[in-house]
Structure formats: structure tokens, C-alpha cells
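Chain residues, written in single-letter form:
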Amino acid sequence: APPPSSSSKADNSISEGNHQRDADRLKSDGNTYMSQKQYREAVDAYTRALRLCPSGPSSHVYYANRAAALCYLEQYAEAERDSEKSLALKPDYGKAHARLGLSRFFLGDYEGAVTAYETALRYDPNNAASRSYLAKARVRLEV
């Protein structure tokens, strides 16, 4: 069989670029749903973005955003999983650490929540929600 032509390689990169653009559009749709408190629709949009681009340059954001929507839906185990997937792609993504903290807090894993929030605050030291939930998780550990 002949080697793949350079045009097929170009076609693949064009296709990947289109997938990334489409995935970013779906992320934007998800963000709009979030702002309208339509969390199930947001989860669906982020899921579709991840199907198009499971490990692209913005996929860590899609996972972290879906985790946020899942927290609003009180699906904390799924949110924890998505936060971990986000962090596997981008370990220094502060928002994913914060969402991991939130999901663990509501799962009753206060020690895990403290660790996640402490890490989140290293990346985003002025995040009031992370500071507040870190304090709440520490109180729960003392009880």
C-alpha cells in the first residue's frame, strides 16, 4: 500500500481543527445554559464537546465545566470524576481543584475537600468560595 499522502495528513489536521472549533462552540453553549441555570442542558453541551475533543487543548475546561453543572444537579460522584479527568489533562487548573473540593465536600470527604481547596487556593488565592468551603471542610473535620 502506498504511504499516506501529505494531503490526507492535512485533511486530518483540518478535521481536528473543525472538531476543536465545534467543541468550543458547544462549550460556549454550555456556558450560556449555566448562566440560565439550565444545568442538564449544560451537561449535555459539555458532553458533546468532550465527544468531539476528548483530549484537546481545552478539554480540561469542558470536564471542569461539566463538573460544575453536575454539582448544581447534586451529582457529586460524577462531578468528582470529571474534576479528576480535568486535572489529569491539566494538573494546574485551579477551577478543577475547586470543583473537586466542592464535590468531595458534598460527598462527605472533608479531608479530600481540604486538600483540593488548599491546592485550588495556590492557583487562585483570592477565590472567596474556595476560602469559604475550605473553612467549612476544616470545621467538619474537627467535629
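That block above? That's the structure.
From a predicted model like this one, the values you see are computed outputs, not experimental measurements.

Chemist: I'm lost on unusual backbone geometry in this one. Help?
Modeler: Negative phi values dominate among residues other than glycine, just as trans dominates among peptide bonds. Of note, Lys37 is a non-glycine position whose phi angle comes to about 60°, a positive value. Positive phi, close to 60°, is recorded for Glu74, a residue that is not glycine. Note that Glu74 resides in the loop between α3 (59–72) and α4 (76–89).

Chemist: Any chance you could explain the side chain of Glu80 here in plain terms?
Modeler: As for its placement among the helices and strands, Glu80 is situated in helix α4. Among residues more than four places away in sequence, those in contact with Glu80 are Leu100, Ser103, Arg104 and Leu107.

Chemist: Looking at this structure, how should I read the packing of aromatic side chains?
Modeler: Pairs of aromatic rings are described using the distance from one ring centre to the other and the angle between the two planes. Enumeration over the complete set of coordinates arrives at 7 aromatic pairs. Between Phe105 and Tyr110 the ring centres are 5.3 Å apart and the planes differ by 70°, which places this aromatic pair in the edge-to-face class. Given the relative accessible area of 5%, Phe105 is considered buried. For the pair Phe105 and Tyr133, a centre-to-centre distance of 5.2 Å together with 75° between the ring planes defines the contact as edge-to-face. Of the two residues, Phe105 sits in helix α5 (residues 94–106) while Tyr133 sits in helix α7 (residues 128–142), which places them 28 residues apart along the sequence. An aromatic cluster is defined as three or more aromatic residues linked by ring pairs; in this entry it consists of Tyr76, Phe105, Phe106, Tyr110, Tyr117 and Tyr133. In this structure, Lys136 is placed above the aromatic ring of Tyr133, and the distance from its NZ or CZ to the ring centre is 4.4 Å.

Chemist: Help me understand the packing of α3 against α5 in this model?
Modeler: The relative placement of two packed helices comes down to the angle between their axes together with the axis-to-axis distance. Contact pair α3 / α5: the axes reach a minimum separation of 9 Å and the direction vectors enclose 25°. Judged by the angle between their axes, α3 and α5 are roughly parallel. α3 and α5 meet at a crossing whose hand is left-handed. Between α3, through Ala64, Asn65, Ala67, Ala68 and Cys71, and α5, the contact on the second element is made entirely by Ala96, Arg99, Leu102 and Ser103.

Chemist: What's the story with the side chain of Asn65 in this structure? I'm lost.
Modeler: One can find Asn65 in helix α3. Judged by relative accessible area, which is 10%, Asn65 ranks as buried. Those residues within four positions of Asn65 in sequence are excluded, and the remaining contacts are Lys27, Asn31, Tyr46 and Arg99.

Rules used in this analysis
Starting from 1, residues in each chain are numbered consecutively following that chain's sequence as written. Given that the model is predicted, a residue must reach a pLDDT of at least 70 before its local features are reported, and side-chain atom pairs must reach 80 or more before they are shown or counted; all residues, however, enter totals for whole chains, interfaces and linings. Computation of side-chain values: all heavy atoms of the structure, hydrogens and water removed. Each helix is a run of DSSP H or I of at least 4 residues and each strand a run of E of at least 2, with the numbering of both proceeding from the N terminus. Contact criterion: two residues are considered in contact whenever any of their non-hydrogen atoms come within 4.5 Å of each other. Pairs were defined over the aromatic rings of Phe, Tyr and Trp, the Trp ring being its six-membered one, requiring ring centres within 6.5 Å. Orientation was assigned from the angle between planes: stacked under 30 degrees, edge-to-face over 60, tilted for the rest. Throughout this description, buried means an accessible area under 20% of the type-specific maximum (1.4 Å probe, protein chains only), exposed means over 50%, and partly exposed covers the range between. Geometrically, a charge over a ring is one whose NZ (Lys) or CZ (Arg) sits within 6 Å of the ring centre while staying within 35 degrees of the ring normal. Where helices are involved, their axes are fitted lines through C-alpha atoms of the stretch in contact, as for all axes, and angles between N-to-C directions lie from 0 to 180°. Note on terminology: angles under 35 degrees are roughly parallel, angles over 145 are roughly antiparallel, angles of 65 to 115 are roughly perpendicular, and the others are oblique. Left-handed describes a crossing in which the near helix is turned anticlockwise from the far one by less than a right angle; the clockwise case is right-handed.

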